[in-house]
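An overview of the molecular structure
The chain contents come next:
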Amino acid sequence: MPAYVLLAALAVIVVLLTVVAIVARAVVAKARPEDLQHILPGLGQVLAALALFLPWGRGTRGPTAAPPVPARSERRGGQRPRG
């Protein structure tokens, strides 16, 4: 394989990684802190999908992260708040 083909492939990989890093940083910077627990698993899945473009990214995908369970603030047992 000629050297310019490998150099071009390396350049494309570096450009893709740079674009992904810029987009990920922008998403995290604009997100509210309380929304990060919902955004980061989705961002991880996007990064895992983009990793399949890399030559060593081929293969079986691991398990995906389960979405976080929202915390409930209800009182159980029919108790009324005191006051």
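Everything in this summary refers to the structure shown in the same document. (Residues numbered from 1 in each chain as written. Predicted model: local features only at pLDDT ≥ 70, side-chain atom pairs only at ≥ 80, totals over all residues. Heavy atoms only, no water.)

Turning to the pattern of salt bridges, a few remarks are in order. Following the criterion strictly, the structure yields two salt bridges and no others. Of the charged contacts, one joins Arg32 and Glu34 as a salt bridge, the two residues approaching to 3.3 Å between their closest N and O atoms. Among the residues examined, Glu34 registers a relative accessible area of 47% and is labelled partly exposed. Note that Asp35 is salt-bridged to Arg32, the shortest N-O span being 3.0 Å. Residue class for Asp35 comes out partly exposed when judged on its relative accessible area of 24%. (Salt bridge = Lys/Arg side-chain N within 4 Å of Asp/Glu carboxyl O. Buried < 20%, exposed > 50% of the residue type's maximum accessible area, 1.4 Å probe, protein only.)

With that settled, consider the environment of Leu40. Topologically, Leu40 is positioned in helix H2 (residues 36–51). A sequence separation of 12 residues divides Leu40 from Val28, and the C-alpha atoms of the two residues are 8.1 Å apart. (Helix = DSSP H or I, 4+ residues; strand = E, 2+ residues; numbered from the N terminus.)

Right, let's talk about a nonpolar patch on the surface for a bit. A cluster of nonpolar side chains, namely Val12, Leu16, Val46, Leu47, Leu50 and Phe53, defines an oily patch on the protein surface of about 540 Å² accessible area. Of all the elements in the fold, those that place two or more residues in the nonpolar patch are helix H1 (3–30) and H2. A per-element tally of the nonpolar patch places H2 first, with three residues. Examined against the element boundaries, Leu16 turns out to sit in helix H1. (Patch = residues over 30% accessible without salt bridge, like charges linked within 9 Å, V, L, I, M, F, W, Y side chains within 5 Å. Areas by Shrake-Rupley, 256 points an atom, 1.4 Å probe, with all protein chains shown as cover.)

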